[in-house]
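Listed below, chain by chain, are the residues.
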Amino acid sequence: AILAQGSCLCARVPALPSCLQRYCEMSTLEDRVAALEAALETAKADYNESLDTIWMLLASMLVFFMHSGFSLLESGTVRFKNTQNILAKNLLVITVGFLCWYVIGYPLAFGATEKTLN
């Protein structure tokens, strides 16, 4: 009865994802279980990659706001005439840090890209 219900569902929904279309075309229960396990592993890998990306964005945002807060702290501890120099120094530190990350840190963290390999 369950297999018949699954077959009816596959017939009623014309635009199924490709992994589910393969699932509906399979005849044995073992083939269906294997296909669903493979689809689950793919979904887990995509989910883990998304979480890694979100964490990197959150951490970089926190570091950026840490720099702006430290700039305000430093500019508040010097005389008014030196405030512009302190803010320019902190902007230079952020710029140099970004360029160093782009040139050195990114390839170390994520490896070579396809363009550099060819």
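What counts and what doesn't
- Residues numbered from 1 in each chain as written.
- Predicted model: local features only at pLDDT ≥ 70, side-chain atom pairs only at ≥ 80, totals over all residues.
- Heavy atoms only, no water.
- Helix = DSSP H or I, 4+ residues; strand = E, 2+ residues; numbered from the N terminus.
- Expected span 1.5 Å × (residues − 1).
- Bend = angle between axes of the 7 residues up to and from the residue.
- Buried < 20%, exposed > 50% of the residue type's maximum accessible area, 1.4 Å probe, protein only.
- Contact = heavy atoms within 4.5 Å.
- Patch = residues over 30% accessible without salt bridge, like charges linked within 9 Å, V, L, I, M, F, W, Y side chains within 5 Å.
- Areas by Shrake-Rupley, 256 points an atom, 1.4 Å probe, with all protein chains shown as cover.
- Salt bridge = Lys/Arg side-chain N within 4 Å of Asp/Glu carboxyl O.

Asker: Where do I start with helix α4 (residues 83-110) in this structure?
Answerer: For an α-helix, the turn length of 3.6 residues means that residues three or four places apart are oriented alike. The end-to-end C-alpha distance of α4, which contains 28 residues, comes to 38 Å, matching closely the 40 Å that a straight helix rising 1.5 Å per residue would cover. Largest kink in α4: about 45°, centred on W101. Taken as a whole, α4 has its buried residues at T83, I86, N90 and G105. Buried positions along α4 lie against α3 (29-77). Two residues or fewer after α4 comes G111, characterised by a positive phi angle close to 85°.

Asker: Can you walk me through a nonpolar patch on the surface in this structure?
Answerer: Taken together, the side chains of W55, L58, M61, L62, F64 and F65 present a nonpolar region at the surface, about 660 Å² in accessible area. With respect to the secondary-structure elements, L58 resides in helix α3. Taking relative accessible area as the criterion, L58 reaches 36% and is therefore assigned partly exposed.

Asker: What's the story with α3 in this structure? I'm lost.
Answerer: Between its terminal C-alpha atoms α3 stretches 72 Å, which fits the 72 Å expected from 49 residues at 1.5 Å a residue. Where α3 is concerned, the buried positions are R32, A35, S71, E74 and S75.

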